[in-house]
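Residue strings, one per chain:
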Amino acid sequence: MAAIFSAASPPPPSSSGIDNHGLPRPPGRESPPPRLASGSLLPCLQLHQPVSQRNSRWTQHMICGLKKIRFAAILLYQPHHQGNMAFTGKYEFESDENYDEFVKKIGLPSDKVEKGKNCKIVTEVVQNGNDFTWTQHVPGGHTTTNSFTIDKEADMETMGGKKFKATVKMEGGKLVAEFPNYRHTVEICGGKLVEISTCSDVVYKRTSKKIA
């Protein structure tokens, strides 16, 4: 005998010889799973599975869901990497901090110390992916250009004319390079070019505004 299970006809309470869906239970045999009028198994057939099996499947679904959430969170909170042209632009000196202490610490000649004080240096950056061309124009006609590729050693030159080799790295959106006697980092912050040079316990900060 077939029975239709719907919201309009809830199953009668279980009694002797009658299962929970209103079907007669033949002696010595378990009643078959309830079927719809069409003969197909009810969608709730999974309820007849052992509790341990249902719990196992539920746990697997939960673990799968948590893994997806964790993966999305990792992508969301990864350190921001600069795009192909994030640094590209022309920047003019705006302000600096600890200039005198820093140049004395690195041993810059006194004549160059005065020339560099509040100097309106214009920095021009061309970025193409990991390739950079970094040019600094000093009032009076002096220009220094360095070309480098991220994670590859390159020939570099300081504004004072000292040549050296360095490997520029990208760390959390910042360019990082080890100069002969200080560590130099550069980042774009609020649309401005922010350079920080650290020598021992002295930190020099230079900020340049974008003009092109």
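A quick note: this is a predicted structure, and the numbers were derived from the prediction, not measured. (Residues numbered from 1 in each chain as written. Predicted model: local features only at pLDDT ≥ 70, side-chain atom pairs only at ≥ 80, totals over all residues. Heavy atoms only, no water.)

## A look at the overall build of the protein
Put simply, the rule is: By definition, any uninterrupted DSSP run of H or I lasting at least four residues is a helix, any uninterrupted run of E lasting at least two residues is a strand, and each is numbered from the N terminus. Whether a residue is buried, partly exposed or exposed follows from its accessible area with a 1.4 Å probe, protein chains only, as a fraction of its type maximum: under 20%, in between, or over 50%, in that order. The method behind every accessible area is Shrake-Rupley, applied with a 1.4 Å probe, and residues are considered shielded solely by the protein chains displayed.
Of regular secondary structure, the protein possesses three helices and 11 strands. Within the span of the protein, comprising 212 residues, buried residues form 26% of the whole. Counting every atom, the protein has about 14,000 Å² of accessible surface; 55% of that belongs to carbon and sulfur.

## A closer look at the side chain of Thr185
Our working definition: Residue contacts are counted whenever heavy atoms from the two residues lie within 4.5 Å of one another.
Mapping Thr185 onto the fold places it in strand β9 (residues 183–189). With sequence-adjacent residues up to four places away left out, Thr185 is seen in contact with Leu175, Val176, Val194, Glu195 and Ile196.

## Concerning the pairing of strand β4 (residues 142–149)
Rules: When DSSP finds two or more bridges between a pair of strands, those strands are recorded as paired.
Summarising the sheet, strand β3 (residues 131–138) and β4 pair through eight bridges and their orientation is antiparallel. Across the sheet, the residue bridging to Phe132 is Phe148, located in β4. Linkage of β3 to β4, two consecutive antiparallel strands, is achieved through a turn of three residues, within which Gly140 is found at a positive phi near 110°.

## Quick look at the pattern of salt bridges
Between side chains of opposite charge, pairing is possible as soon as their charged atoms come close. Under the convention used in this document: Basic side-chain nitrogens of Lys or Arg form a salt bridge, by our definition, when they fall within 4 Å of a carboxyl oxygen of Asp or Glu.
Per the stated rule, a full pass over the model turns up 10 salt bridges. A salt bridge links Asp155 to Lys165, with the nearest nitrogen and oxygen atoms 2.6 Å apart. Taken as a pair, Asp155 in strand β5 (residues 153–157) and Lys165 in strand β6 (residues 163–167) lie far apart in primary sequence, 10 residues in all. We classify Asp155 as exposed; its relative accessible area is 53%. The network of salt bridges with shared partners includes Asp100, Glu114 and Lys117.

## Section: the confidence of the model for the protein
Inclusion rule: For every residue, the predictor reports its confidence as pLDDT, a number between 0 and 100.
Chain-level pLDDT for the protein is 77 on average; 62% of the residues reach the 70-or-more range. Segment residues 1–15: pLDDT under 50, and 17 contacts once partners within four positions in sequence are set aside and those in other chains are kept. A low-confidence stretch, residues 38–47 stays under pLDDT 50, and its non-local contacts, those more than four residues away or across chains, total 11 contacts.

## As for unusual backbone geometry
Its identity is not glycine, yet Asn98 carries a phi of approximately 65°, on the positive side. Looking at the secondary structure, you find Asn98 in the loop between β1 (89–97) and α2 (99–105). A positive phi angle is found at Ser200, which is not glycine, with a value near 60°. Summarising the element assignment, Ser200 is placed in the loop between β10 (192–199) and β11 (202–210). With a relative accessible area of 61%, Ser200 lands in the exposed category.

## Here we look at the sheet that holds β10
What counts, and what does not: The convention used is that axes are lines fitted to C-alpha atoms, helices contributing only their stretch in contact, and that angles between N-to-C directions extend from 0 to 180 degrees.
Here nine strands make up an open sheet; going across it, the order is β4-β3-β2-β1-β11-β10-β9-β8-β7 and the pairing antiparallel. The open sheet terminates on both sides in strands that have one partner only, identified here as β4 and β7 (169–171). The mean angle between the axes of side-by-side strands here comes to 25°, regardless of whether they run parallel or antiparallel. Note that β9 and β10 share seven bridges and pair antiparallel. Looking at β10, one finds that Thr185 is bridged to Ile196.

## Some details on the pairing of strand β2 (residues 122–128)
Two elements, β1 and β2, share four bridges in a ladder whose sense is antiparallel. Within the sheet, the bridge partner assigned to Glu92 lies in β2 and is Val122. As paired elements, β2 and β3 share seven bridges and run antiparallel to each other. Bridge pairing in β3 links Thr123 to Gln136. Where β2 folds back onto β3 in an antiparallel hairpin, the turn is made up of two residues, including Gly129, whose phi is positive at roughly 70°.

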